[in-house]
Amino acid sequence: MRPFLAALFVLSASPAFAQGGAELTPPPESAPSRAVPPPPAPQAFDPERPPSYAQPQPYVSPHQAYRAEREAQALERRAHREALRNEERPWRLRLGVFVTGTPRAMNGFGPYDDDERWDYAGLGVSATVSRWLGSRARVDLDVGFAQVFGDYYSSGNHGPEGTLGAAFTLHSRGRFRIGGGVGGALVMARELDEATGGHFGWTGFRVAAVAELGWFNANDRGVSVRLSPTFTWAPYATGLAPGVVFGVGVEL
């Protein structure tokens, strides 16, 4: 009797017997779920290419925008002028007229004493070729011709004067320019000798300080005014005689 009860107890504890004698089959597999992509791997920090973040744009007023546009246009015009100077038109031509106070012997005849010279007025024309060495530095080569007149004590004709010179100047930028520098020239003059009524020629040299004002357009064409205090040496003199040259030129 005991073996029978033990077997009955084992059968009642089994799952098949508890479910009414159903077959011991495994449950059906559930439907596969949608694959979820793995999260992206964190990007390594590159010190040469740090991560960029969108920066908020500052407010720009109409006045600030207009001013920035004007500054950009000014920079563009300056670049255009420098291109004209250095590439398209390296050499420039300037034609001008000038008045001069040039030293001559006061009495108009020799031999001459160093204290017997005077500045006589003259009127002349000049031609200058210029080359820019950069945005500010310029070299000028010029030739000039003037007729020197006398005063009310003399005949009014002290003879012609020719010059062949060069100058080095530095200038500010922009359409309105201020410049200054130094120059020198070879002077060839024909001077009046009132003792004989004739003329005699001499060759000397001249040094000068140069001051210049100019107004130019976008194509680097304009008008310039030059003032040059001069010191002239003549063969009969023992020193330098002061003078002045004031001219106006048109740069083509």
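A. Fine view of the overall build of the protein. When you go through the protein residue by residue, the secondary structure sums to three helices and eight strands. In the protein, the order of α-helices and β-strands from amino to carboxyl end is α-α-α-β-β-β-β-β-β-β-β. Counting across all 252 residues of the protein, residues that qualify as buried make up 30%. Relative to all contacts within the protein whose residues are 6 or more apart in sequence, the contacts with residues 24 or more apart total 58%.

B. Here's a closer look at empty space enclosed by the protein. Scanning all chains against the criterion turns up three cavities of 30 Å³ or more. Around the largest cavity, the lining comprises 33 residues; the ones closest to its centre are Ser126, Asp142, Arg226, Ser228 and Val245. Listing elements by their share of the lining of the largest cavity, those giving two or more residues are strand 1 (91-105), strand 2 (117-132), strand 3 (137-148), strand 4 (159-171), strand 5 (176-193), strand 6 (198-216), strand 7 (222-233) and strand 8 (241-251). Tallied by class, the residues present in the lining of the largest cavity amount to 15 nonpolar, 13 polar and five charged.

C. Representation of the side chain of Glu212 in the model. Position of Glu212 among the secondary structure elements: in strand 6. Classification of Glu212 as buried rests on a relative accessible area of 4%. Beyond its immediate stretch of four places on either side in the chain, Glu212 contacts Arg94, Arg138, His171, Arg177, Ile178, Gly179, Ser224, Val225 and Arg226.

D. View of the side chain of Ser228. Its place among the elements puts Ser228 in strand 7. A relative accessible area of 8% places Ser228 in the buried class. The contacts of Ser228, once residues within four sequence positions are left out, are Ala208, Ala209, Val210, Gly243, Val244 and Val245.

E. Region of interest: the packing of aromatic side chains. Counted according to the given criterion, the structure contains two aromatic pairs. Judged by centre distance (5.6 Å) and plane angle (50°), the rings of Phe176 and Trp215 are tilted. You can see Phe176 sitting in strand 5 and its partner Trp215 sitting in strand 6, a full 39 residues away along the chain. The interplanar angle of 20° and the centroid separation of 5.4 Å between the aromatic rings of Phe205 and Trp233 together place this pair among those described as stacked. Of this pair, Phe205 sits in strand 6 while Trp233 sits in strand 7, and the two are 28 residues apart along the sequence. Assessed through its relative accessible area of 38%, Phe205 is described here as partly exposed.

How each quantity is defined
Residues numbered from 1 in each chain as written. Predicted model: local features only at pLDDT ≥ 70, side-chain atom pairs only at ≥ 80, totals over all residues. Heavy atoms only, no water. Helix = DSSP H or I, 4+ residues; strand = E, 2+ residues; numbered from the N terminus. Buried < 20%, exposed > 50% of the residue type's maximum accessible area, 1.4 Å probe, protein only. Contact = heavy atoms within 4.5 Å. 1 Å grid on protein atoms, 1.4 Å probe; cavity = no way out; pocket = protein on both sides within 12 Å on 5 of 7 lines; lining within 4 Å. Points joined across faces, edges and corners; volume = space filled by probe spheres on them. Nonpolar A, V, L, I, M, F, W, Y, C, P; charged D, E, K, R; others polar. Phe/Tyr/Trp six-rings, centres within 6.5 Å; stacked < 30°, edge-to-face > 60°.

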